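Coordinates in review
Take a look at the letters that make up each chain.
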Amino acid sequence: MSGGHKIPRVHKQTLVEMNVPVFTARRDAAHDRALELLRKELPLSDRASRQTLYGECDRLLGDAILFNQKSQQTQHETPIARYLHILQETVHLSLAHQRHSDYLVREAQELSRLTGAPPPAGGTGDAFSNSELQMLAFVEDLLQFGEPLLRHDSVERQKHFSDDDRRRFALARAEYDRHYWMGDQPPQATECAP
């Protein structure tokens, strides 16, 4: 720069503070869509669809974790971060269990074909296994704890938002709701999208 005039640098903390409304909106939208899938769509789905839905829940919870981290003004692990991590790990375990069960059935059928012995009962029907039902019950227990915690955090954050922050939160939330519920395209670039 000429003339000795320097442009002041924006501090990283200022950027985080400026984007808290958008990051919070995205975290909340991703979390709410994951809850919708876990509570309403998974129980009505066949086995193959459940694998896809578990994968989608994993992706959504990954977004919720990422944008929760981005919205934190401290580096300390919060109860919300722990809740989101535990929920995502439980979804991972549910998906892994389902894939492992499918693998065991395929292997048992192959061994049966090779040996001529009848395959074991069980199969890969659409019904939930006892262990998958137990995992979903554990997920519901986590949601009973974590959902109110996340809602409270969102309400508390919004109490400290300026009018412009509230406007940006509302715009971002509407855009991310469309994105996560439709899932076809990334959110449109807006004045509030990071």
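Residues numbered from 1 in each chain as written. Predicted model: local features only at pLDDT ≥ 70, side-chain atom pairs only at ≥ 80, totals over all residues. Heavy atoms only, no water.

Regarding the packing of helix α3 (residues 79-115) against helix α4 (residues 130-159)
Contact geometry of α3 with α4 gives a least axis separation of 10 Å together with a crossing angle of 160 degrees. Viewed along their axes, α3 and α4 adopt a mutual orientation that is roughly antiparallel. Our pair here, α3 against α4, has a crossing hand that is left-handed. Across the contact of α3 with α4, the residue classes tally to 15 nonpolar, six polar and three charged. (Axes fitted to C-alpha atoms, helices over the stretch in contact; angles between N-to-C directions. Helix = DSSP H or I, 4+ residues; strand = E, 2+ residues; numbered from the N terminus. Parallel < 35°, antiparallel > 145°, perpendicular 65-115°, else oblique. Left-handed = near helix turned anticlockwise from the far one by under 90°. Nonpolar A, V, L, I, M, F, W, Y, C, P; charged D, E, K, R; others polar.)

What to know about the pattern of salt bridges
Counted by the stated rule, this structure contains 19 salt bridges. With its nearest N and O atoms 3.8 Å apart, the salt bridge here joins Arg-82 to Glu-77. Bridged by salt links that share partners, the residues Asp-32, Arg-39, Glu-140, Glu-147, Arg-151, Arg-173 and Asp-177 form one connected network. (Salt bridge = Lys/Arg side-chain N within 4 Å of Asp/Glu carboxyl O.)

Here's the deal with the environment of Arg-173
One can find Arg-173 in helix α5 (residues 163-182). Judged by relative accessible area, Arg-173 falls into the buried class, the value being 17%. Taking the C-alpha atoms as reference points, Arg-173 and Phe-23, 150 residues apart in sequence, are found 9.4 Å from one another. The contact partners of Arg-173, leaving out residues within four places of it in the chain, are Ala-25, Asp-28, Ala-29 and Asp-32. Side-chain polar atoms of Arg-173 contact the side chain of Asp-32, separated by 2.6 Å. (Buried < 20%, exposed > 50% of the residue type's maximum accessible area, 1.4 Å probe, protein only. Contact = heavy atoms within 4.5 Å. Polar contact = N/O pair within 3.5 Å; in protein donor to acceptor, adjacent residues only side chain to side chain.)

Re α5
Spanning 20 residues, α5 covers 29 Å between terminal C-alpha atoms, matching the ideal 28 Å at 1.5 Å per step. Turning to α5, its buried residues number three or more, namely Asp-165, Arg-168, Phe-169, Ala-172, Arg-173, Glu-175, Tyr-176, His-179 and Tyr-180. (Expected span 1.5 Å × (residues − 1).)

Quick notes on the packing of aromatic side chains
Across all of its chains, the model carries four aromatic pairs by this definition. Between Phe-23 and Phe-67 the ring centres are 5.8 Å apart and the planes differ by 40 degrees, which places this aromatic pair in the tilted class. You can see Phe-23 sitting in helix α1 (residues 12-41) and its partner Phe-67 sitting in helix α2 (residues 47-71), a full 44 residues away along the chain. Residue Phe-67 is classed as buried on the basis of its relative accessible area, which comes to 6%. Taking the centre distance of 6.1 Å and the plane angle of 50 degrees together, the rings of Phe-161 and Phe-169 count as tilted. Neither Phe-161 nor Phe-169 differs from the other in exposure class; each is buried. (Phe/Tyr/Trp six-rings, centres within 6.5 Å; stacked < 30°, edge-to-face > 60°.)

A closer look at the nonpolar core
Judged by nonpolar contacts, the single largest core of 33 residues is most densely connected at Leu-38, Tyr-83, Leu-84 and Leu-87. Listed by contribution, the elements that provide at least two residues to this core are α1, α2, α3, α4 and α5. Considering every element that reaches this core, the biggest residue donor is α1, with nine residues. Setting aside residues up to four positions removed in sequence, Leu-87 forms contacts with Leu-38, Leu-61, Val-139, Leu-142 and Leu-143. (Core = buried A, V, L, I, M, F, W, Y, C linked by side-chain atoms within 4.5 Å.)

Some points on the packing of α2 against α3
At a minimum axis distance of 9 Å, the contact between α2 and α3 shows a crossing angle of 160 degrees. Comparing the axis directions of α2 and α3 gives the class roughly antiparallel. Note that α2 runs across α3; the crossing there is left-handed. When its residues are assigned to classes, the contact of α2 with α3 shows eleven nonpolar, eleven polar and five charged.

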